[in-house]
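Descriptive structure summary
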Amino acid sequence: MNVTLKLWRQESADKPGAYVMLEANDISPEMSFLEMLDIVNENLIAAGEVPIEFDHDCREGICGTCSLVIDGIPHGPQRSTATCQLHMRKFRDGAVITVEPWRAAGFPIVRDLVVDRSAFDRIIEAGGFISVATGSAPEANLTPVPREAAEAAMDAASCIGCGACVAACPNGAAQLFTAAKITQLNLLPQGQPERWARTVNMVDTMEEYFGSCTNIGECASACPQDISLDFIALMNRDYARGMVRQRRLTGQRS
Amino acid sequence: MILESKVPAGPLAEKWESHRFNMKLVAPTNRRKFKVIIIGTGLAGASAAATLGELGYDVDVFTYHDSPRRAHSIAAQGGINAAKNYRGDGDSIFRLFYDTIKGGDYRSREANVYRLAEVSNEIIDQCTAQGVPFAREYGGLLDNRSFGGVQVSRTFYARGQTGQQLLLGSYQALARQVGLGAVKLHTRAEMLEVVLKDGQAVGVVVRDLTSGEISTHSAHAVVLATGGYSNAYYLSTNAMACNGTAIWRAYRKGAQFANASFTQIHPTCIPASDEFQSKLTLMSESLRNDGRIWVPEKAEDSRPASQIPEAERDYYLERRYPAFGNLVPRDVASRAAKQQIDQNKGVGPLHNGVYLDFHDSIERLGRDVIAARYGNLFEMYERITDENPYETPMRIYPAPHYTMGGLWVDYELMTTVPGLYSIGEANFSDHGANRLGASALMQGLADGYFVLPYTIANFLAKSLNTDPVSTDDPVFHEAARDVTDRLNMFLGIKGSRSVDWFHRELGKILIEHCGMARNASGLEKALSDIPALRDEFYQDVRVLGENETLNQSLEKAGRVADFFELGELMCRDALHREESCGGHFREEHQTEDGEALRRDDEFAHVASWEWTGLDTEPNLHKEELEFENVELTTRSYK
């Protein structure tokens, strides 16, 4: 099959970018979208042109590195699927496909289709963990966890940190990413001691980098892991309670 | 040079305990005076960085990814082993040790493997406390499943995403230390050289992948946690960026490289669909618990699976290995699949797969149970192949997956260069000639959480109150200049072929001659083909763009250049090892019915190679393996 790419190229964050038109001919429908881009790059190199930079790594849908907006949708038209798991059989022969980087103020462009998502790391550093020094853990079966709680925590924990939720949000908000981590840890008995501080610190850090949530829900529909919008409600509830229950407000901490 | 393994004396079960007591300590108030550099943020690197940070050391950690959470440990699906014996099915530390030694075909060090089994339980405790959502039973306690090569259920799992959850656990522990200022994190930063002074590791040279800036960093000790080198084969289950550069640069600086030919070809991957395939996708080995592997009995049978009657199917693993059946170890399962395909019994459009059939399990347990166990894997399979495994049997084929070989390390995980450590898949230490399923996650975390943080103090304590070598020292300037010159050299070749083209060609040579079956004439051919291809690469590679921006072609050029040399060492090591063991199958050494034939009299040793120059043969050093606690038997899974 043959397709035409309308693809965003940009040298660096401080230089203007523009769309270029590129032909991708003789593409096998069995190829993944990124393998199609590999071929486009091989052709560019053969023609003496600098290849397109795009982020990708595991190509199994789990590392969260790949990050393309395809035809206006983060990770493209197939639901619950990361860019690297999207195959060319989902496109029709002769299609013109628009390819852009994640577009959000919180994710500055590095080059071409590559963006800087390090703000996500800052959110995790603010509280996305359970403080347990190596070696200090009790016997694992000492604390039973109801299966339902463990399963819901696992649903939340399956977030791959790709940032599609932010890219999909008209406000560039990172609520779904942040809520997934907060919910995972707040649902588990191990996560209770730091529950309120975690929620407040992570949400406050998130607000420094990203826009505000207005309950649109684009994030959940773009999510390759189907992270539920419900987690945002749980996060908001814990944030409200956290603001009241944080020990510093009750005078137990200076 | 005599390889000093530093294995402590005394009974097996007391070695680690007594060694921990005998090692020097660094007092809590002194730890901040020691600077440690860690390269890599996978399970081993992240857990080591987090733990050393907690202890109070001054830690700098580097990853070429945009975030530590992207490391390829994340893709491990099936699980992590531990000797908890929660099932009451006869498991114990000794049994985990025994299974791992036997699974590795008696080519690993007893003391290291026992220590691994010993700390396995602490890993589960640690990860559970971190909030890793392991699968649980209705009573709220942890669930287990069984894995290839063993007869107990000791594998802990988090759906089909165990690696992801464990990595996120250690990433979060690391993030906590970064937030506290105890660890400094450098992302999109690739280590391109180890710096030595007077034979000791004193720092690294790093390229900022965004700006191209070359920087130097000094420390009291350097830890390489940079994973394996399966990508030497081009097509493997590893992530696209996985590479051998860090360990290869260390090798060229004097760290010996052990058992380079011990690579694992994983039996259950999705077969390639065309020649442009960029990587192969693994399907968890846990699928072999409920799937039955078969091929048509007669060759070149192109009927669809549903039209091949039961009587005309050959369930070859169940037939040949009745005791273990579909759960034989990986090397055995992979080789058996290759034999079927070599007999023209392959299935699928390219006849490059065997069936993994869930029909009987779905009938016995119901679709819902199978969906609960493997739903996400089935979805992944369907996304890639457009076939529904609930109705049509999966097609699978072996693919390079893990490298047991790596930098030689002693019992304390130090390489032959003082001050340079190697942990996780990057070292050679625990898996012998074949790794059992669900043991890679265990080893990465054992090294990072529970071994290195103790052993590194034994080295650091000696240099209390001495500053690290200044980065103004000529050794750093020289190393940085070498790195810059090499990058400019790649950009200056201006040849006609892309880096990927060369990588694919190298992969074809390696998989053909140093893959699932090897023989002397093939290996000798590879040893002349690879240097020829390497010469062509230095004449004709085309790397466009510049150093001062993000330039993925330039990154790849350096990695592929190192893969040429590493691939050569893999072949040389395979040629040296005149026996078949684990994943290393020499066609000259097999039994009458095609099973591997080990030669313990001559090859019960670690082959450790020392760099002598680009066009000279490396020196071979042997570490004899002593087995005091297990008897060397022929592995039998029949």
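Values in this document were obtained by computation on a predicted structure and should not be read as measured data. (Residues numbered from 1 in each chain as written. Chains lettered and ligands numbered in written order. Predicted model: local features only at pLDDT ≥ 70, side-chain atom pairs only at ≥ 80, totals over all residues.)

Along the backbone of chain B there are 16 helices and 20 strands. By the compact-globule yardstick of 26 Å for 638 residues, chain B fits well, its C-alpha radius of gyration being 24 Å. Along the longest, intermediate and shortest principal axes, the C-alpha atoms of chain B span 75 × 60 × 50 Å. Burial analysis of chain B (638 residues in total) assigns 61% to the buried set. For chain B, restricting intrachain contacts to residue pairs at least 6 apart in sequence, the fraction spanning at least 24 positions comes to 74%. (Helix = DSSP H or I, 4+ residues; strand = E, 2+ residues; numbered from the N terminus. Rg over C-alpha atoms; globule rule 2.2 N^0.38 Å. Buried ≥ 20, exposed ≤ 12 C-beta atoms within 10 Å, placed from the backbone. Contact = placed C-beta atoms within 7 Å.)

Across its full length, chain A holds eight helices and seven strands. Overall, the C-alpha framework of chain A stretches about 65 × 40 × 35 Å when taken along its three principal axes. Counting only residues that meet the buried cut, chain A has 53% of its 254 residues in that class. Sequence separation of at least 24 residues holds for 71% of the intrachain contacts in chain A that already meet a minimum separation of 6.

Residues and elements named next belong to chain B. An order of β7-β8-β9 is seen for the three strands of this open sheet, with the pairing classed as antiparallel. The open sheet is flanked by β7 (189-197) and β9 (214-218), the only strands paired with a single partner. Here the strands of the sheet are splayed against their neighbours by 25 degrees on average, with no regard to which way each runs. The pairing of strand β8 (residues 200-208) with β9 spans five bridges and is classified as antiparallel. (Pairing = 2+ DSSP bridges. Axes fitted to C-alpha atoms, helices over the stretch in contact; angles between N-to-C directions.)

Residues and elements named next belong to chain A. Reading across from one edge, β2-β1-β5-β3-β4 is the order of the five strands in this open sheet, with mixed pairing throughout. In this open sheet, the two edge strands, each paired with only one partner strand, are β2 (18-24) and β4 (73-74). Where strand β3 (residues 68-70) lies against strand β5 (residues 96-101), three bridges are found, and the strand directions are antiparallel. Within β5, the residue paired with V69 across the bridge is E100.

Once that is clear, we can look at the environment of B:G432. Residue and element names in this part refer to chain B. Note that G432 resides in the loop between β18 (420-422) and α11 (440-460). A sequence separation of 112 residues divides G432 from R320, and the C-alpha atoms of the two residues are 24 Å apart. In this structure G432 touches G104, D105, Y106, R107, S108, M404 and G582, once residues within four positions along its chain are discounted.

For β7(B), a buried count of eight out of nine residues is recorded, marking the element as mostly surrounded by other parts of the structure. Between β7(B) and β8(B), which pair antiparallel and follow one another directly, the connecting turn spans two residues, one of which, B:D198, has a positive phi of 50 degrees.

What follows deals with the interface of chain A and chain B. A common way to state how big an interface is: give the accessible area lost once the parts meet. Across the boundary between the two partners, chain A contributes 64 residues, which contact 63 residues of chain B. Of all the secondary structure elements, the ones that give two or more residues to the side of chain A that touches chain B are α1 (33-46), β6 (109-111), α2 (118-125), α3 (147-157) and α5 (175-187) of chain A. At six residues, α1(A) tops the list of elements feeding residues into the side of chain A that touches chain B. Along the lines of polarity and charge, the residues of the side of chain A that touches chain B split into 30 nonpolar, 18 polar and 16 charged. (Nonpolar A, V, L, I, M, F, W, Y, C, P; charged D, E, K, R; others polar.)

All names here are of chain B. The domain boundaries assigned to chain B delineate domain 1 (12-264 + 402-463), domain 2 (266-399) and domain 3 (474-624). Look at where the C-alpha atoms of domain 1 and domain 2 centre, and you get two points 32 Å apart. Listed as interface residues are 19 residues of domain 1 and, on the opposing side, 23 residues of domain 2. Here the residues of the side of domain 1 that touches domain 2 sort into four nonpolar, 13 polar and two charged. (Domains from an automatic or database assignment.)

So, on to the environment of B:N458. Residue and element names in this part refer to chain B. Tracing the chain through its elements places N458 in helix α11. The sequence separation of N458 and L25 amounts to 433 residues, and the corresponding C-alpha distance is 6.2 Å. Beyond its immediate sequence surroundings of up to four residues, N458 is in contact with M23, K24 and E412.

A few words on unusual backbone geometry. Residue and element names in this part refer to chain B. For Y106, which is not glycine, the phi torsion reads 60 degrees and is therefore positive. Mapping Y106 onto the fold places it in the loop between α3 (93-103) and α4 (110-129). With a phi close to 55 degrees, H351 is a non-glycine residue in the positive phi region. Tracing the sequence through the fold places H351 in the loop between α8 (330-342) and β15 (354-357). By C-beta crowding, H351 is classed as partly exposed, having 15 other C-beta atoms within 10 Å.

All names here are of chain A. Under the domain assignment used here, chain A contains domain 1 (3-111) and domain 2 (118-250). Computed from C-alpha atoms alone, the centre-to-centre distance between domain 1 and domain 2 is 30 Å. Taken together, the 18 residues of domain 1 in the interface contact 16 residues of domain 2.

The next thing to look at is the confidence of the model for chain B. Of the residues in chain B, 100% reach a pLDDT of 70 or more, and the chain-wide mean stands at 96. The ipTM, which scores confidence in the relative placement of chains, is 0.97 for this predicted complex, and the corresponding pTM is 0.97. (pLDDT = per-residue confidence, 0-100.)

So, about the packing of α5(A) against helix α6 (residues 195-209) of chain A. Residue and element names in this part refer to chain A. Running from N to C, α5 and α6 cross one another at 175 degrees; their axes reach a closest spacing of 10 Å. The angle between α5 and α6 falls in the class roughly antiparallel. Contacts between α5 and α6 involve T178, I182, L185 and N186 from the first element and R195, R198, T199, M202, V203 and M206 from the second. Looking at side-chain class alone, the contact of α5 with α6 contains five nonpolar, three polar and two charged residues. (Parallel < 35°, antiparallel > 145°, perpendicular 65-115°, else oblique.)

Attention now moves to the nonpolar core. One broad rule of soluble globular proteins: the nonpolar side chains tend to lie buried together. Residues A:C165, A:V166, B:V36, B:V223 and B:L224 are the most contacted members of the largest nonpolar core, which totals 282 residues. A per-element tally of this core places α11(B) first, with 13 residues. The residues contacting B:V36, other than those within four sequence positions of it, are B:L52, B:Y57, B:V59, B:A219, B:H220, B:A221, B:V223 and B:I456. (Core = buried A, V, L, I, M, F, W, Y, C linked by C-beta atoms within 7 Å.)

Attention shifts here to helix α8 (residues 230-245) of chain A. A rise of 1.5 Å per residue sets the reference length of α8(A), with its 16 residues, at 22 Å; its end C-alpha atoms lie 22 Å apart and thus fit the reference within 8%. On its buried face, α8(A) sits against α3, α5 and α6 of chain A. (Expected span 1.5 Å × (residues − 1).)

As a further point, take the environment of A:C165. Residues and elements named next belong to chain A. Position of C165 among the secondary structure elements: in helix α4 (residues 164-168). The spacing of C165 and D14 is 151 residues in sequence and 25 Å in space, taken between C-alpha atoms. Excluding residues that lie within four positions of it along the chain, C165 makes contacts with A174, L176, F177, C219, A222 and C223.

What follows is about α4(B). Residue and element names in this part refer to chain B. Taking 1.5 Å per residue as the helical rise, α4 with its 20 residues ought to reach 28 Å, and the 30 Å between its terminal C-alpha atoms agrees with that figure. At V119, α4 shows its maximal kink, close to 35 degrees. Here α4 lies mainly inside the structure; 17 of its 20 residues are buried. Two residues or fewer past α4, G131 is found with a positive phi of approximately 95 degrees. (Bend = angle between axes of the 7 residues up to and from the residue.)

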